[in-house]
Amino acid sequence: MSAEARREEIISEQAAGVSSGDAIWVENLTRTFGDLRAVDSITFSVPSGELFGLLGPNGAGKTTTLNMLSTLLKPTSGRALVAGYDVSRHRDSVRQSIGIVFQEPALDGKLTGRENLEFHAMMYGLDRYTRRRRIEEVLALVELTDKAKVLAEKYSGGMKRRLEIARGLVHRPRVMFLDEPTLGLDTQTRRHIWDYIKKLNRETGVTIILTTHYMEEADYLCHRIAIMDQGRFVAQDTPSNLKDLLGGDVVSLEFENGAEEMLAAAQSLAWVKKAKQHDGCLSLTMERGERRIPELVSLAQGKGITVTCVNLRKPSLEDVFLHFTGRTIREQEASSAERHRGHPHGRPGRGR
Amino acid sequence: MIHWTAVAVMWLREMKRFLRARSRIVGALAMPLFFLAFMGLGFNRMAVPGLAGGAAGGAAAGTHTLSYLRFLVPGIIGMSMLFTSTFAGLSVLWDREFGFLKEIMVAPVSRVSLVLGRIAGGTTTTLIQGLLLLSVSIALGFRPRSWAGLVPAVLFMFFIAVTFIGLGLVFASNMKDMQGFSIIMNFIMFPLLFLSGALYPMKNLPVWLRPLSYADPLTYGIDGMRATLLGVSMFSAALNLAVLAGFSLIMVVLGAYFFEHSESV
């Protein structure tokens with residue numbers, strides 16, 4: 001990139017009021033396929049070093065968003081800066097700054113693990129010495145050093161995914177995109193991949209944008225998430241804030257006697273948002289329920305009431321999704337499959 | 001802008017894949033050799049009209065008659081290279097199928113570099129196969145008119161490879177998957193083969209087909225090889241070379257253009 005183009009870039013950034021700390025800055029980004037608005041005017045930004053998740057059912061537009069941010073697809077309208085570069089105007093600079101793990105494997109099976117990494121490292125212009133050092137480094141990170149000489153087609157699903165994560169890191173990108181990083185992996189492998197992702201973010205400080213339709217994955221991994229549905233962002237916050245929006249946790253208490261008395265006592269507590277009694281059982285809605293349980297139990301004991309059972313239920317992101325869209329993510333996927341059946345190539349629907 | 005490292009990496013990858021697919025090499029050689037053996041032997045004793053010489057063959061044609069088997073060797077080499085190089089161009093589709101195309105497309109290098117790398121890789125592998133085929137033919141008794149004629153023949157082989165890799169790239173860039181493959185096979189590749197006069201003298205074809213034959217780049221590749229290896233041809237070697245080189249340039253530009261403008265996902 002020429003010095004002039006860079007200067008122009010800086011000026012346009014200043015004009016847009018972009019803070020240099022943002023790894024991603026997106027405004028009204030839109031992509032249509034025919035009549036379908038696969039991504040419908042989304043706006044968000046991700047500060048450097050954050051682990052940001054796009055959560056939504058298949059066909060919500062997550063992959064299309066990633067494809068635009070990684071310069072594989074041109075936006076229909078709107079603007080997106082990745083690592084400070086405009087994805088439409090400075091594709092090569094964007095590409096140099098990002099690493100990607102695609103939803104479907106993107107390895108050359110006829111090359112060994114190490115050769116796949118070498119191909120990548122050379123494509124990104126690393127010299128021989130740096131190449132060797134970085135490749136050793138990333139192979140060790142994903143624990144594939146002793147499998148480096150095996151053809152990639154012989155790898156298991158989890159190993160392929162790890163190799164791809166390693167590959168995405170070889171050129172030290174500022175931003176890493178992970179598209180459904182654990183799709184199709186068994187539970188144990190999924191746990192492993194989660195740990196790698198966390199470790200990666202913690203140890204290298206790389207900004208990570210991941211898409212997922214697994215609630216627990218978004219909850220466990222992401223600092224912040226955006227819930228995406230039919231091409232739009234319906235909510236955007238930290239997982240715990242999103243869950244707090246629902247009014248908090250539900251603590252259920254069962255008593256041998258004196259449930260009515262406890263109901264009256266609970267209703268007078270400032271931090272109890274909702275209190276309901278049914279069959280000698282009390283359901284109380286509150287924030288940070290686990291901290292309140294001891295208080296509730298000692299309150300009951302002070303009144304000579306015996307607590308026989310306590311249950312704490314935290315709202316899940318599934319509840320949050322339900323709250324914002326009026327449906328569960330599973331129902332949404334079923335109907336979005338329906339929605340895309342009319343499109344012969346099924347591209348947005350299959351999340352290519 | 002051309003990133004030469006990227007060109008080299010693409011070429012290197014093609015070489016590694018080629019050397020690892022030994023069965024593919026054997027397969028690619030077996031088919032043309034069967035053609036050569038069975039068609040050559042089957043038709044060798046028949047009088048194929050128009051065999052002994054064309055315009056530029058001139059004096060040579062008058063002095064010796066050309067056996068069908070000898071006539072067939074350049075044709076079969078051309079045929080085999082037509083298929084191998086078009087498939088090399090179409091290999092973009094395999095990369096798309098196996099997802100690797102995305103890895104290539106997000107690399108911070110220009111698409112022109114990717115195209116050049118692919119052409120370099122495909123040309124090398126196709127040329128290796130063509131040379132192997134020529135060597136096997138020589139080992140089996142094929143004698144070129146003069147050994148010096150082998151050098152320009154290789155030049156023709158080079159341009160055949162480049163031309164049809166370009167053609168393969170044009171198709172691959174305009175296709176989403178392998179579904180159109182059989183259409184290309186039946187309606188492009190085989191007509192190109194039959195129009196080129198690879199298997200029989202082109203002038204035996206009806207006159208109204210001739211413009212199509214003249215539009216087929218393979219015609220000039222094979223005729224050029226016949227000029228240099230056998231001394232019998234319709235056009236002069238220089239004319240053949242000029243036309244074929246022109247075709248290869250056009251195909252490379254078209255292939256690069258369509259690849260540049262193809263959607264990567």
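Residues numbered from 1 in each chain as written. Chains lettered and ligands numbered in written order. Predicted model: local features only at pLDDT ≥ 70, side-chain atom pairs only at ≥ 80, totals over all residues.

### Comments concerning the overall build of chain B
Part 1: Looking only at helices and strands, chain B features eleven helices and zero strands.
Part 2: Along chain B, helices and strands appear, N-terminal first, in the series α-α-α-α-α-α-α-α-α-α-α.
Part 3: Expressed as a percentage of its 265 residues, the buried residues of chain B come to 46%.
Part 4: By sequence separation, contacts in chain B at least 24 residues apart represent 83% of the contacts at least 6 residues apart. (Helix = DSSP H or I, 4+ residues; strand = E, 2+ residues; numbered from the N terminus. Buried ≥ 20, exposed ≤ 12 C-beta atoms within 10 Å, placed from the backbone. Contact = placed C-beta atoms within 7 Å.)

### Considerations on unusual backbone geometry
All names here are of chain A.
Part 1: In this structure, R172 is a non-glycine residue whose phi angle is positive, near 50 degrees.
Part 2: Of note, R172 is situated in the loop between helix 6 (157–169) and strand 7 (175–179).
Part 3: The backbone of E180 sits at a positive phi, close to 45 degrees, despite the residue not being glycine.
Part 4: Its location among the elements puts E180 in the loop between strand 7 and helix 7 (187–204).
Part 5: Residue classification places E180 among the buried positions, given that 22 C-beta atoms sit within 10 Å.

### A word on the environment of G89 of chain B
All names here are of chain B.
Part 1: Considering the arrangement of structural elements, one finds G89 in helix 4 (residues 68–97).
Part 2: Linking G89 and L212, residues 123 residues apart in sequence, is a C-alpha distance of 23 Å.
Part 3: Setting aside chain neighbours within four positions, we find G89 in contact with G122, F164, I165, G166, L167, G168, L169, A172 and G255.

### Focus on helix 4 of chain B
Residues and elements named next belong to chain B.
Part 1: Helix length check: helix 4 (30 residues) gives 42 Å between terminal C-alpha atoms against 44 Å at 1.5 Å per residue, within 8%.
Part 2: Approximately 40 degrees is the largest bend angle found in helix 4, and it occurs at G89.
Part 3: Summarising burial for helix 4: 25 of the 30 residues are buried, a large majority.
Part 4: Looking one or two places after helix 4, you find G99, whose phi comes out positive at around 85 degrees. (Expected span 1.5 Å × (residues − 1). Bend = angle between axes of the 7 residues up to and from the residue.)

### Considerations on the interface of chain A and chain B
Part 1: Across the boundary between the two partners, chain A contributes 25 residues, which contact 19 residues of chain B.
Part 2: When residues of the side of chain A that touches chain B are traced back to their parent elements, those giving at least two are helix 3 (91–97) and helix 4 (113–123) of chain A.
Part 3: The element that contributes the greatest number of residues to the side of chain A that touches chain B is helix 4 of chain A, accounting for four residues.

### A closer look at the environment of S91 of chain B
Part 1: Mapped onto the elements of the fold, S91 of chain B is located in helix 4.
Part 2: Along the chain, S91 of chain B and L150 of chain B lie 59 residues apart, while their C-alpha atoms are 29 Å from each other.

### Notes on the packing of helix 4 of chain B against helix 10 (residues 217–229) of chain B
Residues and elements named next belong to chain B.
Part 1: The N-to-C vectors of helix 4 and helix 10 enclose an angle of 145 degrees; their axes lie 9 Å apart at closest approach. The two elements helix 4 and helix 10 cross, and the hand of that crossing is right-handed. The segment helix 4 lies against helix 10, with P74, G75, I77, G78 and L82 engaging L218, G221, I222, M225, R226 and L229. (Axes fitted to C-alpha atoms, helices over the stretch in contact; angles between N-to-C directions. Left-handed = near helix turned anticlockwise from the far one by under 90°.)

### Describing the sheet that holds strand 1 (residues 22–33) of chain A
Part 1: Read from one edge to the other, the open sheet built from four strands follows the order 2-1-4-5 (chain A), with strand pairing classed as antiparallel. Strands with a single pairing partner mark the edges of an open sheet, and in this sheet they are strand 2 (36–47) and strand 5 (85–86) of chain A. (Pairing = 2+ DSSP bridges.)

### Examining helix 5 (residues 128–141) of chain A
Residues and elements named next belong to chain A.
Part 1: Spanning 14 residues, helix 5 covers 20 Å between terminal C-alpha atoms, matching the ideal 20 Å at 1.5 Å per step.
Part 2: Every buried residue belonging to helix 5 is among R134, I135, V138 and L139, and all of these are buried. Buried residues in helix 5, looked at end-on, bunch into an arc of 130 degrees, giving them a common side. Seen from the open side of helix 5, the exposed residues pointing more than 90 degrees away from its buried face are Y129, R133 and A140.
Part 3: Among the residues trailing helix 5, E143 stands out with phi positive, at a value near 55 degrees. (Arc of directions from axis to C-beta.)

### Examining the nonpolar core
All names here are of chain A.
Part 1: Formed by 142 residues in total, the largest nonpolar core has its most connected members in I24, V82, A166, F177 and I208.
Part 2: The contact partners of I24, leaving out residues within four places of it in the chain, are S45, V46, L69, V82, V175 and I209.
Part 3: Counting residues in hydrophobic clusters, the runner-up holds ten residues, among them V251, M262, L282 and L296. (Core = buried A, V, L, I, M, F, W, Y, C linked by C-beta atoms within 7 Å.)

### Focus on the confidence of the model for chain A
Residues and elements named next belong to chain A.
Part 1: For chain A, the mean per-residue pLDDT works out to 85, and 89% of the residues sit at or above 70.
Part 2: In the model of chain A, helix 14 (residues 347–350) stands out as the element of lowest mean pLDDT, 40, in contrast to helix 4, which has the highest, 96.
Part 3: Predicted confidence for residues 13–19 stays below pLDDT 50, and this span has four contacts to residues more than four positions away or in other chains. (pLDDT = per-residue confidence, 0-100.)

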